[in-house]
Amino acid sequence: MKFRTFVVFLLLGCGAQAQTRQNPRKMAVTIDDLPYVVMEDAPYLPNAQRVTTQILRTLQTYHAPVVGFVNEARLQATGEFDARVALLQQWINAGAILGNHTYSHPDFNRLTIEQFEDEIIRGEIVTRRLMRSREPFQLYFRHPMTHTGDTQARKEAIERFLATRGYKVTPHTIENSDFIFNVAYARALRNKDAALARSLRDAYLDFTIAATEFAEQISPQIFGREVPQTLLVHANDINADCLNEMLRRFVARGYQFVTLDETMADPAYQTADSYVGKTGPTWLWRWMKSKGMNVSFAADPEPPQWVKDLYNRR
């Protein structure tokens, strides 16, 4: 009996793997806060150079297209402007598309419409110049903290403004709270606490897969099928050190890495985003609400409490 059960499960597993090969899952990788998110009092440029090189090497290893969202205020440093711009050029040379994440990463909830429009304009000056060699390409914009508007009028005003400048608002379906993990991770690296750093890497990777599994399970409840996923992470230390293993795990789950253009062309991504509010939920939640559904997101995982406690001590 046990042997027959084993054979059945083995055959089912082989069938699932064959189906995954025939109909691979798809994922677009997007990375925010370029060139680099510095933590603590670490020197910016050498760490930014290390993180940029590691992330791009991993993306090239997995042939993963990427859109990187730039905060141009991060370029403004006395004596380092050219070297920081060179980091963005490094992304372009590796085949990346650079998008606009505003100039200084402000919270739209705290700005007037005019102030936020100015952030968008100031946030594209260097990036558009660097990307001229890649024209034509789709311009993408991501709101900081994915705060897209706390009133209908403000949301629609910025959407119209972005459209007039050629931008598409970039959604995400998988967000792994990497900024929470990174605060403690950067501190562990600074303190040379290898054991804590290792625990944080392990917890981060496990949480990323838990968030991915949730997205895989919830999307069929909304669209009747799994949809291409869009991953949102940041240009930081923990991703420099974990991205290789993260992408390996995604591949093991049957994912192929595709362009953001391809995911945005999927019919699910044509669903209106009618969400208005002060927070920045995943687009799967937004689309569910836009479709007038009431699917439970109670199983959407949260980072481990011990990691959140470390984050809150910053």
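A quick note: this is a predicted structure, and the numbers were derived from the prediction, not measured. (Residues numbered from 1 in each chain as written. Predicted model: local features only at pLDDT ≥ 70, side-chain atom pairs only at ≥ 80, totals over all residues. Heavy atoms only, no water.)

### Things to note about the confidence of the model for the protein
Stage number 1. Confidence in the prediction of the protein, expressed as mean pLDDT, is 93, and 93% of residues score 70 or more.
Stage number 2. Taken together, the stretch residues 1-20 has pLDDT below 50 and engages in 2 contacts with residues farther than four places along the chain or on a different chain. (pLDDT = per-residue confidence, 0-100. Contact = heavy atoms within 4.5 Å.)

### Looking at the packing of helix H8 (residues 194-223) against helix H12 (residues 305-312)
A pair of packed helices is characterised by two quantities: the angle between their axes and the separation of those axes.
Stage number 1. Where H8 meets H12, the axes come as close as 11 Å, and the angle between the chain directions of the two elements is 120°. In terms of orientation, H8 lies oblique with respect to H12. For the pair H8 and H12, the sense of crossing is left-handed. For the pair formed by H8 and H12, the contact residues are Leu-196, Ser-199, Leu-200 and Ala-203 on the first element and Trp-306, Val-307 and Leu-310 on the second.
Stage number 2. Across the contact of H8 with H12, the residue classes tally to 6 nonpolar, 1 polar and no charged. (Axes fitted to C-alpha atoms, helices over the stretch in contact; angles between N-to-C directions. Helix = DSSP H or I, 4+ residues; strand = E, 2+ residues; numbered from the N terminus. Parallel < 35°, antiparallel > 145°, perpendicular 65-115°, else oblique. Left-handed = near helix turned anticlockwise from the far one by under 90°. Nonpolar A, V, L, I, M, F, W, Y, C, P; charged D, E, K, R; others polar.)

### Some thoughts on the packing of aromatic side chains
Stage number 1. All chains considered together, the criterion is met by 13 aromatic pairs.
Stage number 2. Geometrically, the ring pair formed by Phe-181 and Tyr-204 is tilted, given 5.2 Å between the ring centres and 55° between the ring planes. In this pair, Phe-181 sits in helix H7 (residues 178-190) while Tyr-204 sits in helix H8, placing the two residues 23 residues apart along the sequence.
Stage number 3. Ring pairs connect the aromatic residues Phe-108, Phe-116, Phe-141 and Tyr-167, which therefore count as one cluster. (Phe/Tyr/Trp six-rings, centres within 6.5 Å; stacked < 30°, edge-to-face > 60°.)

### Thoughts on unusual backbone geometry
Stage number 1. Cis geometry marks the peptide bond from Leu-34 to Pro-35; its omega dihedral reads 5°.
Stage number 2. In this fold, Pro-35 is placed in the loop between strand E1 (25-34) and helix H2 (44-61).
Stage number 3. Looking along the chain, the bond that leaves Glu-135 and enters Pro-136 is cis, with omega of 0°.
Stage number 4. Structurally, the position occupied by Pro-136 is in the loop between helix H5 (125-130) and strand E4 (139-141).

### So, the pattern of salt bridges
Oppositely charged side chains can pair when the atoms bearing their charge come close.
Stage number 1. Using the criterion set out here, one finds 20 salt bridges in the structure.
Stage number 2. Sharing partners across several salt bridges, the network here consists of Arg-25, Glu-213, Glu-216, Glu-226 and Arg-253. (Salt bridge = Lys/Arg side-chain N within 4 Å of Asp/Glu carboxyl O.)

### Topic: the environment of Gly-95
Stage number 1. By the element assignment, Gly-95 lies in the loop between helix H3 (81-93) and strand E3 (97-100).
Stage number 2. Remark: the alpha-carbon pair of Gly-95 and Pro-303, spanning 208 residues in sequence, is separated by 32 Å.

### What about the packing of H7 against H12?
Stage number 1. The geometry of H7 relative to H12 is characterised by a closest axis approach of 8 Å and an angle of 65° between their N-to-C directions. Here H7 is positioned roughly perpendicular relative to H12, judged by the angle of their axes. Here H7 and H12 pass one another in a crossing that is left-handed. Contacts between H7 and H12 involve Phe-179, Ile-180, Phe-181, Val-183, Ala-184 and Arg-187 from the former and Val-307, Lys-308, Leu-310 and Tyr-311 from the latter.
Stage number 2. For the contact of H7 with H12, a count of residues per class yields 8 nonpolar, no polar and 2 charged.

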